[in-house]
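Listed below are the residues making up each chain.
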Amino acid sequence: MRLTCPRDELAQKLGLAGRAASSKATIPILGHTLLRAEDGRVEVAATDMELSLRLPLDGATVDEPGAVMLPRLAADLVRSMADGPVVLEHRLNEGQLSLSGGGSSFSLNCMQAGDFPELPPDVGEGLTIPADRFQMTADRVVRAASRDETRPVLTGVLVRIGPEGLVMAATDSYRLAVRHTDLDAAPSEVREAVVPARALQEALRLITATRATEVEVVLTETQGVIRIGGVRLTTRLIDGQFPDYRQLVPDRFEHDVAFDRGELIGVLTRIGVLAQRTAPIRLRFEQGQVTVATVSDQVGEGRESLPVPFSGEVLEIGFNADFLREGVESVEGDEVRIGLISPLRPGLLRGADEEYRYLLMPIRLTA
Amino acid sequence: MTARPSILHADLDAFYASVEQLLDPALRGRPVAVGGGVVLACSYEAKRRGVSGAMPAWRARERCPELVFVRGSFGEYRRLGDRVMEILGTYTPAVQRISIDEAFLDVGGSERLHGPPEHIALQIRRRVREEVGLPISVGAARTKHLAKIASQVAKPDGLVVVDPAREREFLDPLPVRLVWGVGPVTGADLEARGIRTIGELARASPERLAGLLGAERGTRLRALAANEDPRPVRPGGRAGSVGAQSAFRRSAPTPDLLAEVLGHLADRVAGRLRAKGLAGRTVTVRVRFADLRSVTRSITLADPVAATLTLREVAEGLVAEALADHPRERTLTLLAISVSALTAETEVQLELAVDAADDPRRPGSRTAAARLAADRSVDRVRERFGRGAIGFATVALGERAGVPDDFRELAERDGG
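Residues numbered from 1 in each chain as written. Chains lettered and ligands numbered in written order. Predicted model: local features only at pLDDT ≥ 70, side-chain atom pairs only at ≥ 80, totals over all residues. Heavy atoms only, no water.

1. Observations concerning the overall build of chain B
- For chain B, the helix and strand inventory stands at 17 helices and 14 strands.
- Counting across all 416 residues of chain B, residues that qualify as buried make up 49%.
- Approximately 18,900 Å² of chain B is accessible, and the part contributed by carbon and sulfur atoms is 52%. (Helix = DSSP H or I, 4+ residues; strand = E, 2+ residues; numbered from the N terminus. Buried < 20%, exposed > 50% of the residue type's maximum accessible area, 1.4 Å probe, protein only. Areas by Shrake-Rupley, 256 points an atom, 1.4 Å probe, with all protein chains shown as cover.)

2. A closer look at the pattern of salt bridges
- Considering all chains together, one arrives at 60 salt bridges over all chains under this definition.
- The salt bridge partner of glutamate 332 of chain A is arginine 140 of chain A, with a shortest N-O separation of 3.4 Å. Taken together, the residues span a long stretch of sequence, with glutamate 332 of chain A in the loop between α7 (321-330) and β23 (335-340) and arginine 140 of chain A in helix α3 (residues 131-142) at a distance of 192 residues.
- Linking glutamate 316 of chain B and arginine 312 of chain B is a salt bridge whose minimum nitrogen-to-oxygen distance equals 3.3 Å. On the criterion of helical spacing, the pair formed by glutamate 316 of chain B and arginine 312 of chain B is a turn pair, its members being 4 residues apart in helix α14 (residues 308-325).
- One network of salt bridges, in which partners are shared, links Arg282, Arg284, Glu286 and Glu316 of chain A together with Glu347 of chain B. (Salt bridge = Lys/Arg side-chain N within 4 Å of Asp/Glu carboxyl O.)

3. Remarks on unusual backbone geometry
- The omega angle of the peptide bond from lysine 155 of chain B to proline 156 of chain B is 0 degrees, so this bond is cis rather than trans.
- By secondary structure assignment, the location of proline 156 of chain B is in the loop between α7 (144-154) and β8 (159-161).
- The phi dihedral of serine 173 of chain A is positive, around 80 degrees, even though this residue is not glycine.
- Looking at where serine 173 of chain A falls in the secondary structure, it is placed in the loop between β12 (165-171) and β13 (175-181).

4. Remarks on the environment of glycine 240 of chain A
- Considering the arrangement of structural elements, one finds glycine 240 of chain A in the loop between β17 (231-236) and α5 (245-248).
- The spacing of glycine 240 of chain A and proline 152 of chain A is 88 residues in sequence and 8.1 Å in space, taken between C-alpha atoms.

5. Description of the sheet that holds strand β6 (residues 102-106) of chain B
Residue and element names in this part refer to chain B.
- Judged by pairing direction, the sheet is mixed, and its 5 strands sit side by side in the order β5-β6-β1-β7-β8 without closing on themselves. In this open sheet, the two strands that pair with only one neighbour each are β5 (95-99) and β8. Strand after strand, the sheet turns through a mean of 15 degrees between neighbouring axes, direction not considered.
- Against the sheet, helix α4 (residues 74-89) contacts β1 (7-12), β5, β6 and β7 (136-141), and its axis sits at roughly 160 degrees relative to β5.
- Along the sheet, α7 makes contact with β1, β5, β6, β7 and β8, crossing β7 at roughly 140 degrees. (Pairing = 2+ DSSP bridges. Axes fitted to C-alpha atoms, helices over the stretch in contact; angles between N-to-C directions. Contact = heavy atoms within 4.5 Å.)

Encoded structure:
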């Protein structure tokens, strides 16, 4: 195989593809990136058997078709080369490839491309969604997904596409984020799947990197495919019953308090500096104001009050400082409303736009 | 540890029975047993006639027809026990009370004010006898373990001071069952293999003991026999464990019995944990069979527990394990629950109901939150209206509801 490619393009695509490569040592070849050069199409691909990425290499000239495995450090090398065309050369069945460009040349040990697993097929009828709508929905929601593998279904994001539009929901059991977006060409049938949060995060990164204007989403029984321009992202889907967010979000509140979003973020950030890992932020609502405070034996105390339209009996409720701040930040617009029921029931954060909801369970305060 | 025998172990003699004899002069000098269907405690006069704790009443009467049974006077036991502790406290702040009727003292720093350990021990015995009216035995030695053995040897109504230069002379000939942690089962095992005295235990090879008792226990018991006990006297301080036990007449381990007794014990232990603002991750149960053999099982949970029902469930699981491992045992005489690895109750992040199966052991789950809320309500009702005002039906309506709760409370220990 012999191929010439502009350095920037090669560096960027290898960098993007490498994010799907495995970081575990169990199956070594999964830590490498495949480069396949055929007449008319060159692509790089990587997978860890859960997520796979295939990206086209634009502007490459194929002198001789073939396929080669690139070790992880190839991407770093190319990035550090001086600008100019990069030449890749590999003789079939040899254990070494040569990489040269910008005056430097390298000979790298490499594995056999024939040993790389076959990637999932790119098949299925997809729904095309404007990239900005996809981003707007996924971006806010994906952060609420869990990182705890002991409850796998919570590490995914529920993606539902149907007549009512696109809905995404994610929860780690402490907070739940759900966003709904209208679609111009909404399908008549409902397709729904739990997509690993990681796959969505990669999709978001690819949309930004390729400046795509639309994405095509395919959800089958076994896999999800997201097509972003010429890029193909495939992911396994997560089995299991995703919690029914409609049942979890209360529809009635004792109090519904409106805040200036910027002001509230400021207070939460300042007080949050003192809140240690498990120390809650305490919100004490009383007539006309709320006091945000935290107490930490080791560090000290912090307290700040804000005027708010609150009336009724005093309500004191605790929240995890990071979860609360992230929730407020994720709401769009200048105003954030927090719906509250009691110190043991969740609070609901939303903005003027009713399409996004962030539900947050409190921390039970000791007397 | 010092080179003086400045660790004291003060242990009231036949405490409950002694209190009864104090309160009712007609009982003095007579064999007295405190309890109902089972002997919970008895006087020395009764012990001399072969009566002992945990013995069923019918057998006790068989051995000692003149035995007088009395119901417990819980309030008095507590009051008098506290008064004795106050007296101990006048000699040193380093008093570690380990049950209602015994305590360790470190009087190493009290010599200038109160005199050497031997004098302090004598004064304690005299004052407790004169001011409270109860006999107390004291052991004085270089270590806690040795002081406790000394007080056992001193009983009844005696004082034993172990000269640090002659510790082996004192310990070696003593029976191996006096070592703390050697019960009837271990004692029998050791004796069967020719280890009858503490001296022989101290001289036994570690490998041999590991083979007999397991590596950890073997090392520990041998160290105690060799009087290697660096434990300091920890005054007041936070208990390392909270537990309760319940002795009853020989009963088959039916689900009803277990639910009732374990429910009762869990209620007491969890209630005390909550009152102290604590929760614990390690739960240990002790099951005693008819022949006084007992076994323990324990589990360390992922999250601390303080809810009554959850503690009961965990304890039931452990007891079931113990019973499964001893299928030939058909009767129980005692159950105990103890919670250790204690931490202060933390502020718990609550969880949304995302799981179909709600795990009560996760502190933030719905069930855990509901149980704790119920427990807190029960605690508040009891604070206002007394313990008997509210309780779990399985316990309150069960057969064993005979022995008063408050009496049982006294069998509870906060372990150090």
